Amino acid sequence: MRERVKHPLAALVVAVLVTAPWVGVELAGGPDTLGLSEPVTVAVSGVAVLGASFLLAWGAETAEKDVPRAFAIAVLAVLAVAPEYAVDALYAWTAGTNAGTARGIEAGNLAVANMTGANRILIGLGWSGIAMFTVYRSRTTADAAVEHRSGFLTSAVQLDRNISTEIAFLLAATAYAFFVPLGEGIGILDTVVLVGLYVAYIGIVIRGDVEAPDHQVGVPKYLQGLRQLVRVAAVLVLFAYSGAMIFTAVHPFAHGLEAIGEQAGVPPFFMIQWIAPLASESPELIVVAYLVNKARSTAGFNALISSKLNQWTLLIGTLAVVYSIGLGEVGSLPFDEKQTAEIWITAAQSAFALAILANFSISLREATALLVLFVSQVVVEFAIIQTVADAAVETELSIFVLHAYTVVYLVLAAGLFWRRRESLVRLLQRTNRSIQSAYGSGRPEPEAGD
């Protein structure tokens, strides 16, 4: 009996069972039909997200035996943040169908706020928090990617140099993002450029070599031992089921948290920009924490960077498409001056984070800087919202704070890029070799040592 409990299939069954209550709620018509309270909805949907996140991680790890690892992680990243796309698409659609009205203007601003909030959370909490967790867990997991150094907050996580392609494409998307607010809104040109970047990236990684999978244990090891046809079918089922669970459960989870927050006096706009995206990002963070816990921090950071890339390209790019569909013609999603500042600070934060990763390493000191800058800006803005009664003055102060933090991020990014300019050059050279290898444009030159 004990051997049966330890069998990998038992873990699969448990993960599916914890999603079962939410399946029942959905089949019965949803939380509103059943009259569930916000705390109960949050609990049931949250547990479903947790179970689905494990299923998603197992599917991605199993897929590494049949497809390039970077492609498997890219699929994982898209599925994990799919709810964020749905939330932003809803706001963009509302903005298009109500163009020119107060409701349409508000929806357009909310679409941008939710998008920028999600992107900054992924770096400010995700990248920094996972780096800290990786170093902490390395004390017991003996993670080879962690380099313990003497000195205050100097220990660092060493990243896989094969993620140079992701970093380079993310750098290109970040550079372009600074120009997005200079137009009349997020338009079709932005869609072509940003979605084009992501399509080009996928075209490169899908042509990569299938590497020998890391030593696996538990569910991935069991599934990788199955015949290929059965294994591929299992991966597809895991992806489809976990994606469906995450897609249907995260929205009620986020809305439940929003309702609880509003009851506690948190402003609705603040909830939509920060709490809802945090809920939407939770599957991704759970998956990465699971990988780190298995001493697979390299795969975990690859997933985080891949998520940032698809959110910073596909998420922004699809807003103009959905808005245009709602509008009934090709148009640009409009936003106000505050959202312009939000886009710029998000791009500046991304530039600073990429400057940190230019040498394929993130130290505890650098992770702390990302976390402190992110949290302090959110806290300052929340304090302004809560203490300033005049709406115009509140907006003016908020914009000033956003611009100030943007300057800080850019100064730090410029300094790091200059110090690590040689590492940046090598990173771009690696990316060029990956492109040549993927598209067969000649024989790639051998890689120079770092």
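The following refers to the structure shown. Since the model is a prediction, treat every value here as computed from it, not as a measurement. (Residues numbered from 1 in each chain as written. Predicted model: local features only at pLDDT ≥ 70, side-chain atom pairs only at ≥ 80, totals over all residues. Heavy atoms only, no water.)

## Some details on the pattern of salt bridges
(1) Moving on: One pass over the structure, following the stated rule, counts five salt bridges.
(2) Moving on: Arg120 is paired through a salt bridge with Glu342; the nearest N and O atoms lie 3.0 Å apart. Linking Arg120 in helix 7 (residues 102-141) with Glu342 in helix 14 (residues 337-357), this pair joins segments that are 222 residues apart in sequence.
(3) Moving on: A relative accessible area of 1% places Arg120 in the buried class.
(4) Moving on: Residue Glu366 is joined to Arg420 by a salt bridge in which the shortest nitrogen-to-oxygen separation is 2.5 Å. With Glu366 in helix 15 (residues 364-387) and Arg420 in the loop between helix 16 (391-419) and helix 17 (421-439), the pair connects residues that are 54 residues apart, well separated along the chain.
(5) Moving on: What makes Arg420 buried here is its relative accessible area of 13%.
(6) Moving on: Put simply, Arg120, Lys338, Glu342 and Glu381 are held in one network by salt bridges that share partners. (Salt bridge = Lys/Arg side-chain N within 4 Å of Asp/Glu carboxyl O. Helix = DSSP H or I, 4+ residues; strand = E, 2+ residues; numbered from the N terminus. Buried < 20%, exposed > 50% of the residue type's maximum accessible area, 1.4 Å probe, protein only.)

## With respect to the environment of Thr154
(1) Moving on: Mapped onto the fold, Thr154 is located in the loop between strand 1 (146-147) and strand 2 (156-158).
(2) Moving on: Overall, Thr154 belongs to the buried group, its relative accessible area being 16%.
(3) Moving on: C-alpha of Thr154 to C-alpha of Glu366: the two residues are 212 residues apart in sequence and 8.8 Å apart in space.
(4) Moving on: Leave out the neighbours within four places in its chain, and Thr154 touches Arg149, Ser363 and Arg365. (Contact = heavy atoms within 4.5 Å.)

## Overview of the sheet that holds strand 3 (residues 361-363)
Two pairing modes exist for strands in a sheet, parallel and antiparallel, and in both the strands are linked by backbone hydrogen bonds.
(1) Moving on: Strand order across the open sheet formed by three strands is 1-2-3, with antiparallel pairing between neighbours. Edge positions in the sheet fall to strand 1 and strand 3, since each of these pairs with one other strand and no more. (Pairing = 2+ DSSP bridges.)

## Remarks on helix 14
(1) Moving on: Between its terminal C-alpha atoms helix 14 stretches 31 Å, which fits the 30 Å expected from 21 residues at 1.5 Å a residue.
(2) Moving on: Most of helix 14 sits out of view: 19 of its 21 residues are buried.
(3) Moving on: In this structure Asp336 caps helix 14, since a side-chain oxygen of it lies 3.2 Å from the backbone nitrogen of Lys338. (Expected span 1.5 Å × (residues − 1). Polar contact = N/O pair within 3.5 Å; in protein donor to acceptor, adjacent residues only side chain to side chain.)

## Some remarks on the side chain of Thr41
(1) Moving on: With respect to the helices, strands and loops of the structure, Thr41 is situated in helix 4 (residues 38-63).
(2) Moving on: Exposure remark for Thr41: the relative accessible area of 6% places this residue in the buried category.
(3) Moving on: The contact partners of Thr41, leaving out residues within four places of it in the chain, are Pro31, Leu36, Gly46 and Pro252.

## Points about helix 6 (residues 82-97)
(1) Moving on: The end-to-end C-alpha distance of helix 6, which contains 16 residues, comes to 23 Å, matching closely the 22 Å that a straight helix rising 1.5 Å per residue would cover.
(2) Moving on: In terms of residue burial, helix 6 counts as a mostly covered element, since twelve of its 16 residues are buried.
(3) Moving on: Residues of helix 6 that are buried include every one of Ala82, Pro83, Glu84, Tyr85, Ala86, Val87, Asp88, Tyr91, Ala92, Thr94, Ala95 and Gly96, and no others.

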